Amino acid sequence: MTPPKKLIEVAMPIKEISAESVRDKSIRHGHISTLHLWWARRPLPVCRAVVFASLVPDPLDENCPQAFRDAVEMLLGNQAEQIDYYAPYKDIPWTSVYDPMEDNLRNRLQLFIGKFTDEMQQHLLYHKPKPAAGKQIADSSLIKWDNKNNEKIINKARKLIWVAHNSKENTGATANDLLASFDDHYKAIKDAEKALYRLPDRHIETEQVLQATANLQRAIDAFLDKMPRVFDPFAGGGAIPLEAARLGCRSYGNDINPVAHIIQKGSLEFPQKYGKPISYSKTEFIKLYGQDTWDKLSGSQLVYQNGEAIGAKIDNRLSFDVAFYARKLLSEAEKEIGHYYPADTKGGKPIAYYWARVGTCSNPSCKAEVPLLKGFYLANTQTKQVYLHPVINGKQIDFEVRHGKCDLDGWNNRGNLKCPFCGSITDVKQIKQQNINGGLGERLLAIIVDGQHGKEYRLPTLSEIASAAIIPTVERPTEKMQRNSAGGDTFSWGVTEWGQMFSPRQLLALQTLVQKLQEIKAALQPDKDDYAKAVVTYLGILLDRVILSNTSFGRWHNGRETLEHPFAKQAIPMIFDYPESNMFCNSTGSAYNQLEWLTRYIESESNFPFASKMQNASSGEKNQFAEKYLTAVVTDPPYYDAIAYADLSDFFYVWLKRTLGDVYPLNFATPQTPKTEECTALKHHHSNSKDRAKAHFEDKLTQIFDAIEHQTSDIVSIMFAHQSTAAWTTLCNSILGARMNITGSWAMDTEMANRSLGLAGAALESSVTVSCKPSQREGFGSYREVKRAIEQTVAIEVEMLYKLGFRGADLLTACFGKAVSEFGKYQRVEKADGSEVSVAELLEMAREAAFNALLKGFDGDDVTKFYIGWLQLFGFAESDFDDAAKFSRVGLSINVDELFRQHILIKNGNKQTLGTYEERIMASKSLGDKAGGNLIDLVHRAMMMYKGSDRQALLRYINERASQPDGNFWRVLTSLCEVLPQGSDDYKQASGLLANKDSLIRESKTVQQPAVEQTRLFE
Ligand SMILES: C[S@@+](CC[C@H](N)C(=O)[O-])C[C@H]1O[C@@H](n2cnc3c(N)ncnc32)[C@H](O)[C@@H]1O
C-alpha cells in the first residue's frame, strides 16, 4: 500500500507559525539562543511545527491508518475537552492555507499546531487592533513558546506521533490500544524518575543508585524505541534536534563544528540528563559546598526532622552546581585581579569603561593624538542625551560630560581623521598603516555606572586611568583569523590574529578566568566523571559569554545604552570606540549576569528526560545509520555563502581549546575549526574561485543528501533561507541528484517586522521548507508539459502567497519548491530536440511564471507593467544587474537600456534600484508632461504635484489626464498603492492621492485655467 502523505506535504498553518516565529526572535529568558551565540538559528516554532508535521500523516489521505484518525478525533475533536480548542476558524481569509476552513481532521491537526487567538482573529477579520506578540497564538497551540514545558499539550503531540508511528506497522491496533501503550510507557519513565530522584545523596554511586539510574534509562529507551528517529545533519545551535527530542523522538544531530558541538551538549544533552532534583544529607551537603553555602540555603531548600534541618533538597542539581562552581571561579579571579577595576570613593563599581582608539594627525607640524570618535554621544535615547564635549587646550584634548543635544561633528569619517587642531585630513589608509605599524593608541574616555535613574556617565578618575595602564602582560592567542569573512575589514587594519581583539586588561581578565577554570577542573576531574564534565562544560560556555562581552571589537549602542557584541553583521567590522565591561560588577554586563542566562536555560530545558545524541562530524557518512534506520530528517543546511560558520566560530574556538580542550581532546585536536569539509560556498576557501566554491557546496550537499536518502524511510524536510537563484539551483540539484523529489513547499516568515519597511530583496525574510520523499524519479517528461504544469502550480502559489503577505525574493523563492516538484517527478526532462532541461532553466521558468502570475489581470503599457511587477518582487531594494535583463524578457517587449534611459531603473555600480517618483522627476523634469506617455510617468508626475503646494496645478493635471474615475490612471495608482512599501514616501503620496480621488476629480472639473491663458482669453 502506498504510504499516506505526511501532513507537511499537504497543509501547514504557515501564517500562525510565522507569527509565533517572529515573536520567538524577541524571547530571551530560557531561550536556546541565550545559552551561547550561534549564527542563523531557526526559530523554535518553525522547528517544532516542521518536525511534528513531518511525522504525522494527513488524516484525509485515503491510506491514513484509521487508528490515527481516531486518535486525532479523541485528542483534538470537538468532544476531546470541555472547550473545543481546535475547532477550525469560521472564516478568516488567508490564514490557514485553504479558505474557508472545513471542520475536518486535517484542519484540526493544523490548528493544533497553531491557531490564532480570538483577539487576533478579530484583528484579521475586522482590522481591530493587533494584539501583542504573546497574545496572537492560542494557549492550546503546540508551537506557542509558553507551551514548551506544558506536559498536557506536548503529550498530545507525542501521543499523535506515537499512534502514527506504531500504526504504520501494527495495522490491527486501535487508537485506544496505542494510546494505552503510550500511557504505560510514559508512566514507566515517570515512576523510574521518582524512584531515582527521591534517593538521598544520589551523587554517591551506591548499588541502589546505579540500579535506579539503569531502570530509568531502560524506561526511556523502551519509550524511544517506539518513537520515530529524527536526524539533523546540520544541527548548528540545535533548534531542530531540541524540538525533535521535546516531541519524544529519538533525536540525532551532527555538526562539523566543535563550537556548535559544545553548544549542543549544553542545550540538548546535559539539562535533559542532569538537570534534575537531588536531596542531600546535611553532612554531605556541607562536604560538597561548605558551611557558608549551607547557611545561605532558603527555608524551602532545607529538609527538617523534629524541627532540625537535617538535609537539603535542590530542585535542579545541574544549575545549582554550575552556579556554585561559576561563582567560585569568579570570586577567585576577582581576588586576584579585582584591584584593576577600582571602585569609586563610595565603593560603587563601574559597570563599563568607554574607550576610543587614538590616531595621530599626519600633518608633520601637528602630529596631534586624536581619539577616533565618529560622534560624541554616550547616550542618545528618546529621554536622555549625554555626550562628551571636547575641550581643546593647546595640543591637549580634554572632555566634559554634558547633557543635551550635541551638534558637533565627529573627527572620524569612515576611518579618515579630521584633526580638530589643524583641520588636516589623515586618510583612512594612513590610519590603517598606523595600526599596522604599532597599533593605534587607546584612551579611556568615560566611566559608565548604574545610577538611580539608569545609566550615568562620568569622566575617569586618575586612579581608574592608572589601573588600566599597569596591566601585566599575559599570553595573547596568536591563531590567525580568516581574511574576508570572520576578519571582515579588520584584516586591512592589521588585525589578523584572534588575540588582537582584546585590550590588555580584557586579556588579563580572560587568561585569569582560564587559569581559575583549570584549578576547578583539577578538583572536579571531568575526565573521570560525566556529570563533572557537564558542569565544567558550562563553565567553558560561561567564559565564552564573558569573552563575547569583553572584546575591544564590541560596540556601545548609545541609542539603547547597551553593550553589543561584534557579530551583528556576521563578520567583524573595525571598531574605533568600544565599551569594556567590568565583569565583577553587579550589573547586566557582569560575569554574574552572564551566569544567570546559563542557569535559566538549564532550568527551562530540564523538565523532560529526552536528550539528543549529537556527533561532531562532517555529515554524509553512509555508515552512520543503517539503511532506512531514520524515520525522518529535518534540517537546515548552510545558506550557500551567507555565513562563514567555521571562520567566525574560531573567535570562540581558540578560547574553548584553552578552557575545554583537555575535556574534549578529540573535538579540539585541530588548531582551529575544520574548514575544508564545511558545506559552504565560500570562495576564499577554494583558491578564490567562485566556481570551485559552488562545485564544493553542491558536491558536499549531494553527498550528504545521498546518505540521508539511503538512511531515511519516510521524509526529508529541508529549511532554506537563501534568496539567490544560484543557491537554490544548487540545493535543488542536490535534492534531485540524491534521488529525492520535492513533495511539499512552504514559505514561513521569520522577520515580519521588517516587511513594512519594504526591505524585500535586501535580506530574505522568510525561510522556505521543502519536504522531500526519498524516491526513485521515474520516466521522461516533456519540456512543454512540465512548463505548463509549472505555470499552473506557480500561479496558484503566487496568488496564495501574495495574499498571505509575501513579497519580493521571498515570494519568488517560495515558488521554487512547487516548481521543482513538477520537474522532479521525472528522471529527465527533455526539450523537443532531445536536449536535457537543467535545474537552472527550470528555476528561471519558475521566476518567469511568478512574474507573469503577479501581473495577471493588469492591463497597461509594458513599462508600467514592468514597474509594478518589479516593485512587487524587489521593492526599492538593490538587485543584481542581470535581473533587469531577465525580467525585461518576461513576456514584455521592453529593451533594458530603455528602462535605464527612462529612469525606471537607476544604476548603482553593477547593481540597480527601482526609481522612486522623486528620483525619476529629478532626472527628467518633463516626466509625465507628454500626452500618450507611460501611465507610470503620469502617476509619478501627479504624486510629485500632490506633494507640492500648487493645488491648482494638480487639479489642472487631473482634469487633463485623470478625469475618469475608472480610467487607467486611477487603476495604476491603485495597483501601485497595493505594492508600495508602507512607510515609504512613494506610498505616502500615492495613497494620499488615491484617498482624495473623488474630491480631486470633482474639484478638477471647476478648476480655472492658468492666469496667462485667462489674460489671453480676454485679449
Ligand atoms: C544553517 S546552520 C544550522 C542552524 C541550526 N538549524 C540552528 O537553528 O541553530 C548550518 C550548520 O551546518 C553546519 N555544517 C556545515 N558543513 C557541515 C558538514 N559538512 N557536516 C555537518 N555540519 C555542517 C555548520 O557548522 C552550521 O552549524
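Conventions and cut-offs
- Residues numbered from 1 in each chain as written.
- Predicted model: local features only at pLDDT ≥ 70, side-chain atom pairs only at ≥ 80, totals over all residues.
- Heavy atoms only, no water.
- Salt bridge = Lys/Arg side-chain N within 4 Å of Asp/Glu carboxyl O.
- Helix = DSSP H or I, 4+ residues; strand = E, 2+ residues; numbered from the N terminus.
- Buried < 20%, exposed > 50% of the residue type's maximum accessible area, 1.4 Å probe, protein only.
- UniProt positions renumbered as here; feature names shortened; annotations may be inferred.
- Axes fitted to C-alpha atoms, helices over the stretch in contact; angles between N-to-C directions.
- Parallel < 35°, antiparallel > 145°, perpendicular 65-115°, else oblique.
- Contact = heavy atoms within 4.5 Å.
- Nonpolar A, V, L, I, M, F, W, Y, C, P; charged D, E, K, R; others polar.
- Phe/Tyr/Trp six-rings, centres within 6.5 Å; stacked < 30°, edge-to-face > 60°.

- The protein chain has the name Adenine-specific DNA methylase, contains a Zn-ribbon domain in an unreviewed UniProt entry, where Parapedobacter composti is given as its organism.

## A closer look at the pattern of salt bridges
- One pass over the structure, following the stated rule, counts 59 salt bridges.
- In this structure, the salt-bridge partner of Glu605 is Arg246, at a minimum N-O distance of 3.1 Å. Pair noted here: Glu605 is in the loop between helix H18 (591-604) and strand E19 (613-615) and Arg246 is in helix H10 (residues 239-246), with a separation of 359 residues, a long-range link.
- Looking at Glu605, the relative accessible area reads 5%, which means it is buried.
- The salt bridge involving Glu332 is made with Lys335; its shortest N-O contact spans 3.1 Å. A residue pair is termed a helical-turn pair when its members lie 3 or 4 positions apart in one helix, as Glu332 and Lys335 do in helix H13 (residues 317-337) at three residues.
- Judged by its relative accessible area of 64%, Lys335 falls in the exposed class.

## Thoughts on unusual backbone geometry
- Positive phi values are uncommon outside glycine, yet His127 reaches one of about 55°.
- Here His127 shows up in the loop between helix H6 (118-126) and helix H7 (151-169).
- The backbone of His903 sits at a positive phi, close to 60°, despite the residue not being glycine.

## Details of the UniProt feature "domain: DUF1156" (unreviewed entry) in the protein chain
- UniProt annotation of "domain: DUF1156" (unreviewed entry) refers to residues 11-65 when read in the numbering used here.
- Helix makes up 42% of residues 11-65 and strand makes up 0%, while its end C-alpha atoms are separated by 18 Å.

## Let's talk about the packing of helix H11 (residues 258-274) against helix H19 (residues 645-660)
- Contact pair H11 / H19: the axes reach a minimum separation of 9 Å and the direction vectors enclose 65°. In terms of orientation, H11 lies roughly perpendicular with respect to H19. In this structure, H11 contributes Pro258, Val259 and Ile262 to the contact, and H19 contributes Ser649, Phe652, Tyr653, Leu656 and Leu660.
- Residues belonging to the contact of H11 with H19 are distributed by class as follows: seven nonpolar, one polar and no charged.

## Comments concerning the packing of aromatic side chains
- Overall, the coordinates contain 48 aromatic pairs when judged by the stated rule.
- Note on Phe52 and Phe112: the rings are 5.6 Å apart at their centroids and 75° apart in plane angle, and the pair reads as edge-to-face. In this pair, Phe52 sits in helix H3 (residues 44-55) while Phe112 sits in helix H5 (residues 105-113), placing the two residues 60 residues apart along the sequence. Phe112 matches Phe52 in its accessibility class, with the two residues each being buried.
- Taken together, a centroid distance of 5.6 Å and an interplanar angle of 85° make the contact between Tyr341 and Phe584 edge-to-face.

## A word on the environment of Gln79
- In this fold, Gln79 is placed in the loop between helix H4 (66-76) and H5.
- With relative accessibility at 70%, the residue Gln79 sits in the exposed group.
- Measuring from C-alpha to C-alpha, the distance between Gln79 and Glu918 comes to 60 Å, with 839 residues separating the pair along the chain.

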